[in-house]
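Geometric and topological summary
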Amino acid sequence: QVQLVESGGGLVQAGGSLRLSCAASGRTFSSYGMGWFRQAPGKEREFVAAINWGGSSTYYGDSVKGRFTISRDNAKNTVYLQMNSLKPEDTAIYYCARRYDRGTDSRPDEYGYWGQGTQVTISS
């Protein structure tokens, strides 16, 4: 059974930064790609970023390119999302997810395990 637990959300002012963490249980974390998604009230779930199993390949949604950075530490079974230059439109619940495969992908259907989410609120 795989469990994903996000942390690091909170309330910050526009222009600020946050770092989200996602801790995964299980011994096979390093074998799978990981991703971050977000969902704002009344909107569909949106792809944010993905990273492949070894961390050598990353992929970002257009709205966060150049501001967010995804990384992973396989020794700690953790994936991170560093968020800089935050905007009010970044306000959402942020979810981490584990892929069925080793690579990166922006489609939610390619992810088999999801965390419970962490709230990020950006004030203007």
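Here the structure is shown first, and the text comes after it.
Not measured: the values here are computed from a predicted model.

Quick look at the pattern of salt bridges now. Applying the stated criterion to the full structure yields 7 salt bridges. Salt-bridge contacts for Arg-99 lead to Glu-110; the nearest nitrogen and oxygen are separated by 2.8 Å. You can see Arg-99 sitting in strand β9 (residues 92-99) and its partner Glu-110 sitting in the loop between β9 and β10 (111-114), a full 11 residues away along the chain. Of the residues examined, Arg-99 reaches a relative accessible area of 7% and is grouped as buried.

Along strand β5 (residues 46-51), 5 of the 6 residues are buried, which leaves the element largely enclosed by surrounding structure. Alignment of strand β4 (residues 34-39) against β5, held across 5 bridges, turns out to be antiparallel. In the strand pairing of β5, Phe-37 is matched with Phe-47. By the bridge criterion, 3 bridges tie β5 to strand β6 (residues 58-60) in an arrangement that is antiparallel.

Looking at the secondary structure, you find Thr-118 in strand β11 (residues 118-123). On the accessibility criterion, Thr-118 (10% relative accessible area) is buried. Polar contacts involving the side chain of Thr-118 include one to the main-chain amide nitrogen of Gly-9, which spans 3.3 Å. Not counting the four nearest positions on each side in its chain, Thr-118 is found in contact with Glu-6, Ser-7, Gly-8, Gly-9, Leu-20, Ala-92, Ile-93 and Tyr-94.

Here we take up the environment of Arg-45. With respect to the element layout, Arg-45 can be found in the loop between β4 and β5. Relative accessible area serves as the criterion here: at 32%, Arg-45 is assigned to the partly exposed category.

Moving on to the state of the cysteines. As used in these notes, a disulfide is a covalent bond between sulfur atoms, one from each of two cysteines. In total, this model carries 1 disulfide according to the counting rule given. One disulfide bridge connects Cys-22 with Cys-96, the sulfur atoms lying 1.9 Å from each other. With Cys-22 in strand β3 (residues 18-24) and Cys-96 in strand β9, this residue pair connects regions lying 74 residues apart in the sequence. Residue classification places Cys-22 among the buried residues on the basis of a relative accessible area of 0%.

Calculation notes
- Residues numbered from 1 in each chain as written.
- Predicted model: local features only at pLDDT ≥ 70, side-chain atom pairs only at ≥ 80, totals over all residues.
- Heavy atoms only, no water.
- Salt bridge = Lys/Arg side-chain N within 4 Å of Asp/Glu carboxyl O.
- Helix = DSSP H or I, 4+ residues; strand = E, 2+ residues; numbered from the N terminus.
- Buried < 20%, exposed > 50% of the residue type's maximum accessible area, 1.4 Å probe, protein only.
- Pairing = 2+ DSSP bridges.
- Polar contact = N/O pair within 3.5 Å; in protein donor to acceptor, adjacent residues only side chain to side chain.
- Contact = heavy atoms within 4.5 Å.
- Disulfide = S-S within 2.5 Å.

Geometric descriptors of this kind do not, in isolation, establish any biological role.
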